[in-house]
Amino acid sequence: MDKVKRALLGDRKAQEEMTKKGRKLPCHVCGKKAKIMFREGLFVIMCSDEYCNCLCVAEPVRAMAIRKWNERAEILTEKEMDKLEVK
């Protein structure tokens with residue numbers, strides 16, 4: 001399973017790696033690409049689908065905005081995720 005999928009399932013290590021690379025995870029509501037813009041002194045991250053009802057993230061530091069966007073609740077435990085791995 002790739003890091004993006006692990007991050008989407010709540011794997012904190014994978015989320016941190018994606019954040020360090022500056023990569024935004026897909027929207028947590030619809031799965032479409034996230035976009036980032038700078039408005040009024042804040043980096044704003046939101047879904048690229050204007051009709052999606054997800055909440056955006058706004059922070060004064062780009063890395064912090066990406067970190068908050070990439071944080072997802074753990075859906076599966078690490079043990080459960082390992083069971084999904086194809087060996």
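K.L.:
Any chance you could explain the packing of helix α2 (residues 12-20) against helix α3 (residues 62-70) here in plain terms?
P.N.:
When two helices pack together, you describe them by how their axes are tilted relative to each other and by the distance separating the axes. Relative to each other, α2 and α3 sit at 150°, their axes nearing to 9 Å. Here α2 is positioned roughly antiparallel relative to α3, judged by the angle of their axes. At the point where α2 passes α3, the crossing takes the right-handed sense. Contacts between α2 and α3 involve Gln 15, Met 18 and Thr 19 from the first element and Ala 63, Ile 66, Arg 67 and Asn 70 from the second.

K.L.:
Just to check I follow, could you spell out the nonpolar core for this structure?
P.N.:
The nonpolar side chains of a soluble globular protein tend to be buried with one another. Core analysis: the biggest nonpolar cluster contains 10 residues, these being Cys 27, Ala 34, Ile 45, Cys 47, Cys 52, Cys 54, Val 57, Ala 65, Ile 66 and Trp 69. Only β2 (42-47) and α3 provide two or more residues apiece to this core. The dominant element in this core, judged by the number of residues it contributes, is α3, at three residues. In this structure Cys 52 touches Cys 27, Val 29, Cys 30 and Cys 47, once residues within four positions along its chain are discounted. In this structure, Val 4, Ala 7, Ala 14 and Met 18 belong to the second largest nonpolar core, which totals five residues.

The rules behind the values
- Residues numbered from 1 in each chain as written.
- Predicted model: local features only at pLDDT ≥ 70, side-chain atom pairs only at ≥ 80, totals over all residues.
- Heavy atoms only, no water.
- Axes fitted to C-alpha atoms, helices over the stretch in contact; angles between N-to-C directions.
- Helix = DSSP H or I, 4+ residues; strand = E, 2+ residues; numbered from the N terminus.
- Parallel < 35°, antiparallel > 145°, perpendicular 65-115°, else oblique.
- Left-handed = near helix turned anticlockwise from the far one by under 90°.
- Contact = heavy atoms within 4.5 Å.
- Core = buried A, V, L, I, M, F, W, Y, C linked by side-chain atoms within 4.5 Å.
- Buried < 20%, exposed > 50% of the residue type's maximum accessible area, 1.4 Å probe, protein only.

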